[in-house]
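Take a look at the letters that make up each chain.
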Amino acid sequence: MPILFEFRAEARPDHGLIEVYDSDSYLTDSEAARQTRDTVVAGTGTQIYLRSLQGIAPAEVLVRVWDGPAPADSSWLAEGERPAVLDSATGEVVIRAFAPDIAGHFQLPRPGIYEGRVSWKGRHEAAAQETSLHAELRTTQQHSQADTDAVWAAHQKVLETYRIDLWWTAESEDDDEDE
């Protein structure tokens, strides 16, 4: 089954969240955001929330759109996986972290309802990397910016990654009521 589209972005997950959503669905859903603390991934239909364990280093978000259900990929050793649905009536998808606000946006091959799955790796390693960075930065507070930059660079070894595999399944329902 061929990949129709692929998009990559790096997002710095301030407060531990990264959002992927239809461009018309930009208001945060607090309940879904809270749910990610237990499930890593949660959604509302028009939004997918990803929960990071760190907030300093960028996380990679890879979105792949398939021609049909995505095949299993034994070469990508994910730490976990959850089913997901993204209803994108506009076909325009935004990836948002709280710092920077918009990490990326792209146009799906067609608007509609996409089923899929989100898998991830590197969450715990990135969190440990952040803890180590904080500890070392506390000891270098008296040093120059160059020293701080060197500490930062030395700790950027792990890239937390979220992979979202989607495939189109149906037209979006029209929210407008018939007159």
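One structure accompanies this document, and this report is about it.

About the thresholds
Residues numbered from 1 in each chain as written. Predicted model: local features only at pLDDT ≥ 70, side-chain atom pairs only at ≥ 80, totals over all residues. Heavy atoms only, no water. Core = buried A, V, L, I, M, F, W, Y, C linked by side-chain atoms within 4.5 Å. Buried < 20%, exposed > 50% of the residue type's maximum accessible area, 1.4 Å probe, protein only. Helix = DSSP H or I, 4+ residues; strand = E, 2+ residues; numbered from the N terminus. Contact = heavy atoms within 4.5 Å. Phe/Tyr/Trp six-rings, centres within 6.5 Å; stacked < 30°, edge-to-face > 60°. Pairing = 2+ DSSP bridges. Axes fitted to C-alpha atoms, helices over the stretch in contact; angles between N-to-C directions. Salt bridge = Lys/Arg side-chain N within 4 Å of Asp/Glu carboxyl O.

### Examining the nonpolar core
Move 1: The biggest cluster of nonpolar side chains holds 26 residues, and the ones touching the most others in it are Ile48, Leu50, Val63, Ile95 and Ile164.
Move 2: At the level of secondary structure, the elements contributing two or more residues to this core comprise strand 1 (3-11), strand 2 (17-22), strand 4 (47-51), strand 5 (59-66), strand 6 (80-88), strand 7 (92-97), strand 9 (112-121) and strand 10 (160-170).
Move 3: Per element, the largest residue contribution to this core is four residues, and it comes from strand 5.
Move 4: Beyond its immediate sequence surroundings of up to four residues, Ile95 is in contact with Phe7, Ala9, Ile18, Glu19, Val20, Val61, Val63, Asp101, Ile102, Ala103, Gly104 and Phe106.
Move 5: If you look at the next biggest cluster of nonpolar residues, it comprises five residues, including Leu17, Ala32, Ala33 and Ala42.

### Some details on the packing of aromatic side chains
Move 1: Applying the stated criterion across every chain yields a total of two aromatic pairs.
Move 2: Their ring planes at 35° and their centres at 5.3 Å tell us that Phe5 and Phe106 sit as a pair that is tilted. With Phe5 in strand 1 and Phe106 in strand 8 (residues 102-107), this residue pair connects regions lying 101 residues apart in the sequence.
Move 3: The exposure class assigned to Phe5 is partly exposed, which follows from its relative accessible area of 23%.

### Some points on the sheet that holds strand 6
Move 1: Judged by pairing direction, the sheet is mixed, and its five strands sit side by side in the order 1-5-10-9-6 without closing on themselves. The sheet is open, and its two edges are formed by strand 1 and strand 6, each paired on a single side. Shown here is a sheet whose adjacent strand axes are inclined to one another by a mean of 20°, direction ignored.
Move 2: Bridge analysis of strand 5 against strand 10 gives eight bridges, and the strand direction is parallel. Opposite Ala59, over in strand 10, you have Glu160 as the bridge partner.

### Looking at the pattern of salt bridges
Move 1: Counted under the stated rule, the structure contains nine salt bridges.
Move 2: Between Asp73 and Arg163 there is a salt bridge, with the nearest N and O atoms lying 3.0 Å from each other. Residue Asp73 is found in the loop between strand 5 and strand 6, and its partner Arg163 is found in strand 10; the two are separated by 90 residues along the sequence.
Move 3: Look at Arg163 and you get buried, because its relative accessible area is 6%.

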